[in-house]
Amino acid sequence: MKNLLTMTMLCAGLPFAALAADKPETLKIGMTTFLTGPASVFGVPARDAMNILVENINSEGGVNGVPIEVTYIDEGAGAEALTSEYRRVAQSGGAEVMLASISSGNCQTLAPLAEDLKVPNLMWDCGTQRIFEENSYDYVFRTQGNATSEMLAAVTYLLKTKPDFKTIAVVNQDYAWGRDSWDIFYTALQVMKPDVEVVGEFFPKFGAPDFSTEISRLQALRPDVILSTSWGADLDTFVQQAFQRGLMNTSTFVLPLAESSLERLGSSLPAGHIIGARGDHYFLHPERRDDADFKSFMEQYKQATGDIPVYPVFHASQAIAALTAAYDKAIAENGVDWPSKDQLLAAFEGLEFQGLGRSLHLREDNQGVESQLMGTSVQNGDYPFATLENIMIFDGEDLLPPLGEVSLDWIKGLDAGFADSLTVSTYEK
């Protein structure tokens with residue numbers, strides 16, 4: 001009994017560094033992303049970017065001498081296969097940290113699973129605001145903004161640049177994202193410009209190949225503004241068909257996710273329409289484009305893929321920046337060669353980090369605070385596709401509800417002066 005008591009006292013008196021983990025040969029992480037299916041237009045660029053970013057980190061010695069190794073999981077394989085593979089990589093695959101996901105539905109499925117498995121999970125791209133508004137997590141963190149900040153930036157930019165519009169219609173994909181993003185946008189619009197009339201609400205089937213019915217109705221209604229928070233092939237098809245039939249000459253389109261479609265749309269996106277970037281993500285970022293690290297990555301990505309980087313690339317950069325910053329912080333604060341899981345989790349609290357855009361930080365509820373970039377399309381001949389002018393970058397802190405509040409309830413309590421109260425940086429290009 002005396003020996004046991006002595007051993008307990010000795011253990012209690014050991015320095016905190018003794019709780020550190022053994023330094024591994026590699027830092028294994030798992031990343032879910034769409035490698036197949038229509039959402040691969042987001043997922044493949046993110047994977048390509050992550051490969052470049054990890055290679056750069058490893059070439060400089062990795063994380064405290066430990067190289068990073070990434071295992072990719074295809075979200076396009078379906079929910080059952082995704083969940084099974086996520087569990088395998090996190091358990092028998094030896095991943096210390098998971099990055100998941102693109103799909104908001106997948107984030108809602110995998111967040112509680114990460115909590116059950118006690119594996120740190122960085123939500124690197126999904127937009128649903130519900131994750132931290134409806135639940136509390138110890139192992140789940142989001143390294144970018146959410147639908148609330150994205151939609152509020154779009155509404156505010158519209159009001160600042162087209163304040164006299166009187167009618168609006170919406171064409172969104174008929175699933176959770178399309179419905180939820182419209183709810184946020186419309187609720188904010190009711191508060192800030194209550195006299196606007198909604199003349200049409202269209203929710204075509206996800207993956208619809210033809211929008212002729214919606215376009216015909218819109219041509220008859222002639223709304224001043226048409227909102228679409230659609231993405232990928234659905235957005236491309238809708239814009240191309242609207243352009244071909246002249247709809248984009250009679251209405252201003254507000255497209256909060258269209259930054260990722262600029263290159264694919266080419267000349268089908270004319271000047272004068274409002275474009276969002278799901279954060280401050282733009283290959284000609286007005287504050288970053290002359291930075292050496294930004295220019296170097298842009299050149300690497302172009303050389304590797306032949307394309308310009310789109311917002312999932314920026315989101316991937318923020319996720320890996322948060323990951324390495326958390327390890328560096330945990331190692332420094334605890335004086336260890338490698339942190340324990342608890343030390344790593346503690347390092348995420350209030351973490352500050354920076355990818356390819358502005359710097360970000362994590363709030364107490366683990367939600368990332370991300371600036372939002374909006375602009376207006378212009379065809380100036382510099383590229384064979386539209387670029388952005390009249391750029392505004394909104395401070396992300398202003399666009400999120402206070403801790404513990406639900407987005408829609410908070411938005412309903414705002415007033416018409418909200419748009420004028422925001423911190424905004426403006427750039428011509």
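This text follows the structure it describes.
The text that follows walks through the structure, step by step, so that each part is easy to find.

Reading the values: the criteria
Residues numbered from 1 in each chain as written. Predicted model: local features only at pLDDT ≥ 70, side-chain atom pairs only at ≥ 80, totals over all residues. Heavy atoms only, no water. Helix = DSSP H or I, 4+ residues; strand = E, 2+ residues; numbered from the N terminus. Disulfide = S-S within 2.5 Å. Axes fitted to C-alpha atoms, helices over the stretch in contact; angles between N-to-C directions. Parallel < 35°, antiparallel > 145°, perpendicular 65-115°, else oblique. Left-handed = near helix turned anticlockwise from the far one by under 90°. Contact = heavy atoms within 4.5 Å. Nonpolar A, V, L, I, M, F, W, Y, C, P; charged D, E, K, R; others polar. Phe/Tyr/Trp six-rings, centres within 6.5 Å; stacked < 30°, edge-to-face > 60°. Buried < 20%, exposed > 50% of the residue type's maximum accessible area, 1.4 Å probe, protein only. Lys NZ or Arg CZ within 6 Å of the ring centre and 35° of its normal. 1 Å grid on protein atoms, 1.4 Å probe; cavity = no way out; pocket = protein on both sides within 12 Å on 5 of 7 lines; lining within 4 Å. Points joined across faces, edges and corners; volume = space filled by probe spheres on them.

1. Things to note about unusual backbone geometry
Next up, step 1: Note the cis peptide between Ala100 and Ser101, where omega equals 10°.
Next up, step 2: If you trace the backbone, Ser101 turns up in the loop between strand 3 (97–99) and helix 4 (104–117).
Next up, step 3: Positive phi, close to 50°, is recorded for Asn64, a residue that is not glycine.
Next up, step 4: Position of Asn64 relative to the elements: it lies in the loop between helix 2 (40–59) and strand 2 (68–74).

2. Description of the state of the cysteines
The term disulfide refers to a covalent linkage connecting the sulfur atoms of a pair of cysteines.
Next up, step 1: Enumeration over the complete set of coordinates arrives at one disulfide.
Next up, step 2: Note on cysteine connectivity: Cys107 is disulfide-linked to Cys126, with sulfurs 2.1 Å apart. In this structure, the disulfide formed by Cys107 and Cys126 twists by about -95° around the S-S bond and is classed as left-handed. Of this pair, Cys107 sits in helix 4 while Cys126 is found in the loop between strand 4 (121–123) and helix 5 (130–134), placing the two residues 19 residues apart along the sequence.

3. Regarding the packing of helix 2 against helix 11 (residues 292–305)
Next up, step 1: In the contact formed by helix 2 and helix 11, the axes pass within 10 Å of each other and the chain directions differ by 125°. Compared by their axis directions, helix 2 and helix 11 come out oblique. Two packed elements cross with a definite hand, and for helix 2 against helix 11 that hand is right-handed. Residue-level inspection shows Pro45, Asp48, Ala49, Ile52, Leu53 and Asn56 of helix 2 in contact with helix 11, the latter providing Phe297, Gln300, Tyr301, Ala304 and Thr305.
Next up, step 2: Classifying every residue of the contact of helix 2 with helix 11 gives seven nonpolar, three polar and one charged.

4. With respect to the side chain of Thr324
Next up, step 1: Counting through the fold element by element, Thr324 comes out in helix 12 (residues 311–334).
Next up, step 2: The residues touching Thr324, leaving out its near neighbours within four places in the chain, are Ile57, Val63 and Ile68.

5. Quick look at the packing of aromatic side chains
For any pair of aromatic rings, geometry is given as the distance between the ring centres together with the angle between the planes.
Next up, step 1: Summed over the entire model, instances satisfying the criterion amount to 18 aromatic pairs.
Next up, step 2: Aromatic pair Trp182 and Phe185: ring centres 6.3 Å apart, planes at 20°, arrangement stacked. Of this pair, Trp182 and Phe185 both sit in helix 7 (residues 176–192), three residues apart, which is roughly one turn of that helix. As far as the burial class goes, Trp182 and Phe185 line up, both buried.
Next up, step 3: The structure contains a cluster of three or more aromatic residues connected by ring pairs, namely Phe42, Tyr175, Phe206, Trp231 and Tyr311.
Next up, step 4: Positioned over the ring face of Phe165 is Lys193, at 5.5 Å from the centre of the ring.

6. So, the layout of surface pockets
Next up, step 1: Considering only enclosed or pocket space, the largest pocket measures out at about 480 Å³ in volume.
Next up, step 2: As for the largest pocket, its lining consists of 20 residues, and the residues nearest its centre are Leu53, Asn56, Ile57, Asp293 and Ile320.
Next up, step 3: Of all the secondary-structure elements, those providing two or more residues to the lining of the largest pocket are helix 2, helix 11, helix 12 and strand 11 (352–354).
Next up, step 4: Class assignment of the residues belonging to the lining of the largest pocket gives a composition of nine nonpolar, eight polar and three charged.
Next up, step 5: Considered as a void within the structure, the second largest pocket measures approximately 400 Å³ in volume.
Next up, step 6: What lines the second largest pocket is a set of 24 residues, among which Ile102, Ser103, Ser104, Tyr175 and Trp177 lie closest to the centre.
Next up, step 7: Breaking the lining of the second largest pocket down by element, the ones donating at least two residues are helix 4 and helix 7.

These values are about where atoms sit, not about what they do.
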